[in-house]
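Commentary on secondary and tertiary structure
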Amino acid sequence: MVNLTRIYTKTGDDGTTALGDMSRASKTDSRIAAYADVDEANSAIGLAIAVGELDAETSALLLRIQNDLFDVGADLCTPLGGAAAPNAPALRVEPGYIRFLEEQCDRHNEGLTKLRSFILPGGSPGASYLHLARTVVRRAERSTWIAIERHGDTMNKSTAHYLNRLSDLLFILARAANCVQGDVLWQPGANR
């Protein structure tokens, strides 16, 4: 259980922050950038839920994903082999997280028309917000791979795999949110 009694601590005023194992790292460390991008992705998904006019089933799925994204962030901030915070085991993204996203991709993609062109990120409010969330997730994935390259075996590669599958699912959910009006198709060279 997390118990936050005071929001400001001043411990980061020296340009460092605590990792999940209580070691300190620079706020410019690639691990910090990775889980900050995951946090931004989570916020973008929250925006899609709040104002995207999505159906209840999609909103519930996205709420579950938001919770899982906190697990991803916890994994990214706790080096493999490092000790977790007192009284809390280290959270790790395991294959089941990724399988769940793959199952959801298959399920939600099943009824969609085949793509015959690239699509523009837009259409309905829900689709637009989901495309925005997808692009932020892609950035989080890139940041995670940078952290993995720099920190090697102290990082869990499953976090990057999860983010990759999540961006696929958000693309599919955005298409589903545009089912009534259809995808907004790219027309190469349309404005020449």
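Residues numbered from 1 in each chain as written. Predicted model: local features only at pLDDT ≥ 70, side-chain atom pairs only at ≥ 80, totals over all residues. Heavy atoms only, no water.

Turning to the packing of aromatic side chains, a few remarks are in order. In this structure the tally under the stated criterion is two aromatic pairs. With 6.3 Å between their ring centres and 80° between their planes, Tyr 97 and Tyr 162 make a pair best called edge-to-face. Here Tyr 97 is found in helix H3 (residues 95-109), whereas its partner Tyr 162 is found in helix H5 (residues 158-177), with 65 residues between them in sequence. Assigned by exposure class, Tyr 97 and Tyr 162 land together as buried. (Phe/Tyr/Trp six-rings, centres within 6.5 Å; stacked < 30°, edge-to-face > 60°. Helix = DSSP H or I, 4+ residues; strand = E, 2+ residues; numbered from the N terminus. Buried < 20%, exposed > 50% of the residue type's maximum accessible area, 1.4 Å probe, protein only.)

One number sums up the size of the second largest pocket: a volume of about 160 Å³. Lining of the second largest pocket is provided by Leu 54, Asp 55, Glu 57, Thr 58, Arg 107, His 108, Leu 112, Leu 130, Leu 173, Ala 176 and Ala 177. Considering every element that reaches the lining of the second largest pocket, the biggest residue donor is H5, with three residues. (1 Å grid on protein atoms, 1.4 Å probe; cavity = no way out; pocket = protein on both sides within 12 Å on 5 of 7 lines; lining within 4 Å. Points joined across faces, edges and corners; volume = space filled by probe spheres on them.)

Let us look at the pattern of salt bridges. Here the structure, examined in full by the defined rule, presents 10 salt bridges. Among the salt bridges present, the one from Glu 40 reaches Arg 139, with a minimum N-O distance of 2.9 Å. Of the two residues, Glu 40 sits in helix H1 (residues 30-51) while Arg 139 sits in helix H4 (residues 125-151), which places them 99 residues apart along the sequence. A salt bridge links Arg 138 to Glu 141; the shortest N-O distance between them is 3.2 Å. You can see Arg 138 and its partner Glu 141 sitting in helix H4, three residues apart, about one turn around the helix. Taking relative accessible area as the criterion, Arg 138 reaches 29% and is therefore assigned partly exposed. Glu 141 gets classed as buried once you look at its relative accessible area, which sits at 11%. (Salt bridge = Lys/Arg side-chain N within 4 Å of Asp/Glu carboxyl O.)

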